[in-house]
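Now for the letters of each chain:
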Amino acid sequence: MAVHEIHHPIVRDKLGRLRQQELASKDFRALVSGIGMCLAYEASRNLRLEKKRVASWSGLVEVEQVREEQITIVPILRAGLGMVDGVLKVVPGARISVVGLYRDEKTLQPVPYYAKLVHDIDRCTAMILDPMLATGGTLVASIDLLKKAGCQDISGLFLVAAPEGIARVRQMHPEVDLYVAAIDERLNRQGYILPGIGDAGDRFFGAP
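Residues numbered from 1 in each chain as written. Predicted model: local features only at pLDDT ≥ 70, side-chain atom pairs only at ≥ 80, totals over all residues. Heavy atoms only, no water.

On to a nonpolar patch on the surface. Together, Tyr 102, Tyr 113 and Tyr 114 make up an exposed nonpolar region whose accessible area comes to about 350 Å². If you trace the backbone, Tyr 114 turns up in strand β7 (residues 110-116). Assessed through its relative accessible area of 42%, Tyr 114 is described here as partly exposed. (Patch = residues over 30% accessible without salt bridge, like charges linked within 9 Å, V, L, I, M, F, W, Y side chains within 5 Å. Areas by Shrake-Rupley, 256 points an atom, 1.4 Å probe, with all protein chains shown as cover. Salt bridge = Lys/Arg side-chain N within 4 Å of Asp/Glu carboxyl O. Helix = DSSP H or I, 4+ residues; strand = E, 2+ residues; numbered from the N terminus. Buried < 20%, exposed > 50% of the residue type's maximum accessible area, 1.4 Å probe, protein only.)

What follows is the structure in structure tokens.
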């Protein structure tokens, strides 16, 4: 498993602004979208290209294109929805699957409650979207769900990640690549990332 921590100055700047406690929801949303776009750009480096002949001003020319319809982005409800807009700026033709899992605050285990996947996900490249990779339980459960549906080409995009969560995914799904804006210090006793960005869902939607 490869973990790609994005060190681009623009990403570092946006993440620094995102960490500020006093930030309006509209500004939080814009920053999440911008970082999501940058992560998608990095995550799409290895997408397969196919050659086509198209009509240009000077006649037929051979070009290379990505089959965007064979990409599905998979936001984990609800916070993952905040990254969708930015990712679609990079792959506007991608289709959207949705997975609903939440973390039980006592056991810290993921609890599934919804899944709607594209019908041919077994032939798709899937990009899981979630602002935070904390314990790794939700991501592992999401990958399990996608694999059960036949999808094998899977990556994950996150704003911040904890070393504990990365280690768990590496143990359970070592072939899944992760793209993160920052690997933070650690989890606290409640399973929250430090320093983190707070509750991304609450901050994005403006209400718990």
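Under the defined criterion, the tally for this structure stands at one aromatic pair. Measuring from centroid to centroid gives 5.1 Å for Phe 204 and Phe 205, while their planes differ by 75°, and the two rings are edge-to-face. Owing to a relative accessible area of 15%, Phe 204 belongs among the buried residues under this scheme. Given a relative accessible area of 35%, Phe 205 falls into the partly exposed group. Residue placement shows Arg 29 over the ring face of Phe 204; its charged tip is 5.7 Å from the ring centre. (Phe/Tyr/Trp six-rings, centres within 6.5 Å; stacked < 30°, edge-to-face > 60°. Lys NZ or Arg CZ within 6 Å of the ring centre and 35° of its normal.)

Bringing the layout of surface pockets into the picture now. Approximately 700 Å³ is the volume found for the largest pocket. Lining the largest pocket are 33 residues, with Arg 103, Glu 105, Asp 130, Met 132 and Asp 199 positioned closest to its centre. Among the secondary structure elements, those contributing two or more residues to the lining of the largest pocket are β4 (71-77), β6 (98-103), β9 (132-133), α4 (137-148), β13 (193-194) and α6 (200-205). Taken together, the residues that form the lining of the largest pocket break down as 18 nonpolar, nine polar and six charged. When its volume is computed, the second largest pocket comes out at roughly 390 Å³. The wall of the second largest pocket is formed by 20 residues, among which Asn 46, Leu 47, Arg 48, Thr 125 and Asp 153 lie closest to the centre. Those elements that place two or more of their residues in the lining of the second largest pocket are β2 (49-56), β8 (125-129), β10 (153-161) and β11 (177-183). (1 Å grid on protein atoms, 1.4 Å probe; cavity = no way out; pocket = protein on both sides within 12 Å on 5 of 7 lines; lining within 4 Å. Points joined across faces, edges and corners; volume = space filled by probe spheres on them. Nonpolar A, V, L, I, M, F, W, Y, C, P; charged D, E, K, R; others polar.)

Now for the nonpolar core. The biggest cluster of nonpolar side chains holds 36 residues, and the ones touching the most others in it are Leu 15, Leu 18, Leu 39, Leu 157, Leu 159 and Ile 197. If you list the elements that add at least two residues to this core, you get α1 (9-18), α2 (25-43), β4, α3 (84-90), β8, β10, β11 and α6. With eight residues, the top contributor of residues to this core is α2. Not counting chain neighbours up to four residues away, the residues in contact with Leu 157 comprise Leu 39, Ala 40, Ala 43, Met 83, Val 87, Met 127, Ile 128, Leu 129, Asp 130 and Tyr 179. (Core = buried A, V, L, I, M, F, W, Y, C linked by side-chain atoms within 4.5 Å. Contact = heavy atoms within 4.5 Å.)

All right, on to the side chain of Thr 135 then. For Thr 135, the position within the fold is in the loop between β9 and α4. At 3.3 Å, the side chain of Thr 135 and the backbone nitrogen of Gly 137 are in polar contact. (Polar contact = N/O pair within 3.5 Å; in protein donor to acceptor, adjacent residues only side chain to side chain.)

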